[in-house]
Each structure stands twice: as C-alpha cells, then as structure tokens.
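Okay, here's what each chain looks like letter by letter:
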Amino acid sequence: MLSKILAAASLVLAVFPVSAMAEPRDYAEGQVWQYATRAQDAGSLVKIQKIEIEEGRRVYHVSVIGVHFANAQTASVLPHLPVSAETLDASVTREVQAPSAFGGMSVDEDIAEWHRAQGGVLRVPLAQALDEVDVMISRNDPLPDRGIAS
C-alpha cells in the first residue's frame, strides 16, 4: 500500500523544483549520508540502495531511517524513495560510515512496484519530500506495519 502511495506521490512531487542547489557530488550504491533533516528527524540517515538510468537520467533509489511521522509512536524506516541527483545535492551534508544502520534491507520489491506504476522521480529536497509523505500517510494509512517498519 505504501509503495503505491509513494509511486503516485513521486509523480506529484516531481513537478516542484529543488529550491536550494548545492555542489554536485559523486554518488554510489551503498553510501550512507547525513542530510538536512526536518526538526523531528534529527539524526536520520539516507542510504543509496540502487542507481538506475531512466530516460537518460540517473535515478537514486534511497532508504531513509530515523524518520518520525506524525502518526507513528517511534522512529520509522522509509524503505524506498526514487530521487534525482538534484534532490541529493540539495539535501545531503556529509557521507558517514554506518554499515549496519540499515541492516539487510532490500528495496528490490519496492523498485519493481515503482516500475510497474511508472512512478516519477522526486526532485525536491528530502526534508520537503518527507513532509509530503507524512501528509499522505496521515490521510491514507495509520502505519499498521505495512511497508514502513517502526
């Protein structure tokens, strides 16, 4: 359910431009980054799970841990967000060594669902995207341990 919401959400969020551009970086699968978080997500991290080329542009499939959604009692994991290089450039602050922080998380199923839904790619800073996801989850899903791990 959440992956379907996020696939649709990425189409909506893709139309908004990235508001603050930072210096482009070289990104690789497996990298873990600190990013400019929302206040409630201090200490949250983002991991680049997979990089694909779609229509000549790189799509970064990322996971985010330590996210605090409005209707969750504990920090959550957002297993899959498809983002652009511009989103990462506007969001990440420092690469960190956190090899076990994401455990053995796999996003292959979520990426397959994204492909089936012909989902878009987020082009807004991560903090803004998480605000939008939070609103969508609050409206559509009371977080009953489907798709988001608490």
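Quick note: structure is the one above.
Small disclaimer: the values here were computed from a predicted structure and weren't measured.

**Things to note about the side chain of S63**
Point 1. Within the fold, S63 resides in strand 3 (residues 57–67).
Point 2. A polar contact is formed between the side chain of S63 and the side chain of Q49, at a distance of 3.0 Å.
Point 3. Beyond its immediate stretch of four places on either side in the chain, S63 contacts L45, V46, K47, Q49, L78, P79, F102, M105 and V107.

**What to know about the pattern of salt bridges**
Point 1. Under the defined criterion, the tally for this structure stands at six salt bridges.
Point 2. Of the charged contacts in the structure, one is a salt bridge between R38 and D131, with a shortest N-O distance of 3.2 Å. Here D131 lies in helix 4 (residues 126–140) and R38 lies in the loop between strand 1 (32–35) and strand 2 (45–54), a separation of 93 residues in the sequence.
Point 3. On the basis of relative accessible area, D131 is assigned to the partly exposed category, the value being 39%.
Point 4. For E86, the salt bridge is made with R57, and the minimal N-O distance between the two is 2.7 Å. Remark: R57 occurs in strand 3 and E86 occurs in helix 2 (residues 85–91); sequence separation between them is 29 residues.
Point 5. Residue classification places E86 among the partly exposed residues on the basis of a relative accessible area of 25%.
Point 6. Judged by relative accessible area, R57 falls into the partly exposed class, the value being 37%.
Point 7. Because the salt bridges share partners, they merge into one network encompassing R38, D41, D131 and D134.

Quick notes on the rules
- Residue indices begin from 1 for each chain and proceed along its sequence in written order.
- Given that this is a predicted model, residues contribute local features only at a pLDDT of at least 70 and side-chain atom pairs are listed and counted only at 80 or more, while totals for whole chains, interfaces and linings are drawn from all residues.
- Heavy atoms from the whole structure form the basis of all side-chain values; hydrogens and water molecules are not counted.
- Working definition: helices are DSSP H or I runs of at least four residues, strands are E runs of at least two. Numbering for both runs from the N terminus.
- Any pair of nitrogen or oxygen atoms within 3.5 Å is treated as a polar contact; in protein, a donor-acceptor pairing is required on top of that, and neighbouring residues in sequence qualify only through side-chain atoms on both sides.
- In this analysis, two residues are considered to be in contact whenever any of their non-hydrogen atoms come within 4.5 Å of each other.
- The salt bridge definition used is simple: a Lys or Arg side-chain nitrogen within 4 Å of an Asp or Glu carboxyl oxygen.
- Think of it in three bands: residues with accessible area under 20% of the maximum for their type are buried, residues over 50% are exposed, and the middle band is partly exposed, with areas taken using a 1.4 Å probe on protein chains only.

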